[in-house]
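Examination of the molecular architecture
Chain by chain, the residues run as shown.
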Amino acid sequence: MPNGQHGPQQPQPHQPPAGGQWYPPEWPDRIRALADGSLTPVEPKRAATVMLLRDTPAGPSVHMLRRRASMAFAGGAYAYPGGGVDPRDAEHQVGWAGPSRQDWAARLGTDPAVAQAIVCGAVRETFEEAGVLLAGETEDTVVGDTTGDAWEADRQALVARELSFAEFLDRRGLRLRSDLLGAWARWITPEFEPRRYDTWFFVAALPEGQRTRNASTEADRTVWIRPADAADGYDKGELLMMPPTISTLRSLEPYGSAADALTAAGAQDLTPVLAQASLEDGVLVLSWPGHDEFTKRVRLGGPA
């Protein structure tokens, strides 16, 4: 799910021989504890992540990063730029372009202030982790190159949470271009996880004049890759991903351009996907409703 999660290094995750789906080795014990009532689910924090697209002669590619192996959450897995929503971004109205906050609230299933914070989170995380900023001085412009020293100082201040995104936009006289985003999916971390996120997935096109870079301290590599190629790498067990990542990748495959995907975003189902788990006669059964591909039956100590 999102980046921005810290903690001690954990054992290497188990990787099934078929596919590159990731899950932590401590899940069976936590699922048992949830079932017997000794584990109380953690309230999920809001998060946002962005599938940034650019067109190529072979179709759109998506920007992905690989989380460092030392990360406590999904180390070594491929993901998109993303992270937790800053509650401060719900408190101050920011410069805004595109669909209204009320429209976004209806789309995201929240109130307008929370919707603003979620959209701000998506744009801020894309800037923090990929150096790409979906904002402009007017409602129909986008900033160009964001790689100068002054931009980098602001980016670092955002990462450190010394500066809220609303303050950043105000300081630079910018409007957030919410019309450059499309809400695509919503996934909630399973109830048995110690770190839980309610994550909205967005799609966006790389603005003209901007370029991505690996600005995240949590990633050891970034790639532009066609969704079909990334999914093929997952299917072969070469690319490690969590279910929300591979699911959204597959859902991008039909679209021939970034613009096509953005147009299709309004029709995407934002019903939250929440994993279910059980232990049956020594077999861990994991399932994601509506996503049968990810159902796993794992005998404790190895695949069933």
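Please read these numbers as outputs of a predicted model, since none were measured by experiment. In this numbering scheme, every chain counts its residues from 1 along its sequence in written order. Confidence filtering applies because this is a predicted model: local features only for residues at pLDDT of at least 70, side-chain atom pairs given and counted only at 80 or more, and all residues used for totals across whole chains, interfaces and linings. Each side-chain value is worked out from all heavy atoms of the structure, with water and hydrogens disregarded.

1. Re unusual backbone geometry
Of note, R161 is a non-glycine position whose phi angle comes to about 60 degrees, a positive value. A helix here means a DSSP run of H or I that spans at least four residues, while a strand means a run of E at least two residues long, and both kinds are numbered starting from the N terminus. Along the chain, R161 turns up in the loop between α4 (149-159) and α5 (165-172).

2. Section: the nonpolar core
In plain words, nonpolar cores are sets of buried Ala, Val, Leu, Ile, Met, Phe, Trp, Tyr and Cys residues tied together by side-chain atoms within 4.5 Å. We call a residue buried when its accessible area falls under 20% of the maximum for its residue type, exposed when it is over 50%, and partly exposed in between, using a 1.4 Å probe and counting protein chains only. Formed by 41 residues in total, the largest nonpolar core has its most connected members in W104, L108, L133, F165, F168, L181 and F202. Contributing elements (two or more residues each) for this core: β1 (45-54), α2 (101-108), α3 (112-130), α4, α5, β8 (181-188) and β9 (197-205). Tallying contributions element by element places α3 first for this core, with ten residues. By the convention used here, residues are in contact when the closest approach between their heavy atoms is within 4.5 Å. In this structure, L108 is in contact with A115, I118, V119, A183, R186, W200, F202 and L270, ignoring residues within four places of it in sequence. I31, W187, I225 and A265 belong to the second-largest nonpolar core, a separate cluster that totals 37 residues.

3. Section: the sheet that holds strand β5 (residues 96-97)
Whether two strands pair depends on DSSP finding at least two bridges between them. Read from one edge of the open sheet, three strands run β5-β7-β6, paired in mixed fashion. Two strands lie at the open edges of the sheet, namely β5 and β6 (135-136), each paired on one side alone. In terms of strand pairing, β5 meets strand β7 (residues 175-177) through two bridges, oriented parallel. Paired with A97 across the two strands is R177, which belongs to β7.

4. A few points about the packing of aromatic side chains
Only rings of Phe, Tyr and Trp enter the pairing, Trp through its six-membered ring, and a pair is recorded when the two centres are within 6.5 Å. The plane angle decides the type: under 30 degrees is stacked, over 60 is edge-to-face, the rest tilted. For the structure on display, the rule yields nine aromatic pairs. Every member of this aromatic cluster is reached through a ring pair, and the members are F127, W151, F165 and F168. Remark: a charge is flagged as sitting over a ring if the NZ atom of Lys or the CZ atom of Arg is within 6 Å of the ring centre and within 35 degrees of the ring normal. Against the face of W151 rests R172, its NZ or CZ located 3.7 Å from the ring centre.

5. Focus on the sheet that holds strand β14 (residues 296-299)
Reading across the sheet, the three strands line up as β12-β13-β14 and stay open at both edges, with antiparallel pairing between neighbours. Either end of the sheet is taken by a strand with one partner, and the two such strands are β12 (276-280) and β14. The mean angle between the axes of side-by-side strands here comes to 20 degrees, regardless of whether they run parallel or antiparallel. When strand β13 (residues 283-287) meets β14, the two strands line up antiparallel, connected through four bridges. For L284, the partnering residue across the bridge sits in β14 and is V298. Each axis is a line fitted through C-alpha atoms, and for a helix only the stretch in contact is used; angles between axes span 0 to 180 degrees, taken between their N-to-C directions.

6. Considerations on the confidence of the model for the chain
The pLDDT score gives, residue by residue, the confidence of the prediction method on a 0 to 100 scale. For the chain, per-residue confidence averages 86 on the pLDDT scale, and 86% of positions sit at 70 or higher. Confidence over residues 3-18 falls short of pLDDT 50; this stretch has 49 contacts with residues more than four positions distant or in other chains.

7. So, the packing of α4 against α5
Put simply, α4 and α5 touch, their axes get as near as 10 Å, and they point 160 degrees apart. Classified by the interaxial angle, the pair formed by α4 and α5 is roughly antiparallel. Both α4 and α5 take part in a crossing whose hand is right-handed. On α5, the residues touching A150, W151, D154 and L158 of α4 are F165, F168, R171 and R172. The labels follow the angle: roughly parallel below 35 degrees, roughly antiparallel above 145, roughly perpendicular from 65 to 115, and oblique for the rest. Handedness of each helix crossing follows the sense of rotation of the near helix against the far helix: counterclockwise by less than a right angle gives left-handed, clockwise gives right-handed.

8. Quick look at the environment of K45
Along the chain, K45 falls in strand β1. The exposed category is assigned to K45, whose relative accessible area is 56%. The spatial distance from the C-alpha of K45 to the C-alpha of V85 is 7.7 Å, given a sequence separation of 40 residues. Ignoring anything within four residues of it in the chain, the contact list for K45 reads R196, Y197 and D198.

9. With respect to the side chain of T49
Relative to the elements of secondary structure, T49 occurs in strand β1. In the analysis that follows, any N or O atom pair within 3.5 Å is treated as a polar contact, provided that within protein one partner can donate a hydrogen and the other can accept it, and provided that, for residues neighboring in sequence, both atoms belong to side chains. Side-chain polar atoms of T49 contact the backbone oxygen of Y80, separated by 3.5 Å. Among the polar contacts made by the side chain of T49, one reaches the main-chain carbonyl oxygen of P81 at a distance of 2.8 Å. With residues near it in sequence (within four places) discarded, T49 still touches Y80, P81, G82, T199, W200, F201 and F202.

10. Quick look at the pattern of salt bridges
The term salt bridge refers to a pairing of a side-chain nitrogen on Lys or Arg with a carboxyl oxygen on Asp or Glu at a separation within 4 Å. For the structure shown, the criterion picks out 18 salt bridges. R124 is the salt-bridge partner of D89, the closest N and O atoms lying 3.9 Å from each other. With D89 in the loop between β4 (82-84) and β5 and R124 in helix α3, the pair connects residues that are 35 residues apart, well separated along the chain. Note on D89: relative accessible area 0%, which makes it buried. Classification of R124 by relative accessible area gives buried; the value is 1%. When the shortest N-O distance is used, the salt bridge between D229 and R226 registers 3.1 Å. For D229, a relative accessible area of 39% puts it in the partly exposed group. Overlapping salt bridges, with partners in common, bring together D89, R124, E125, E128 and R161 in one network.

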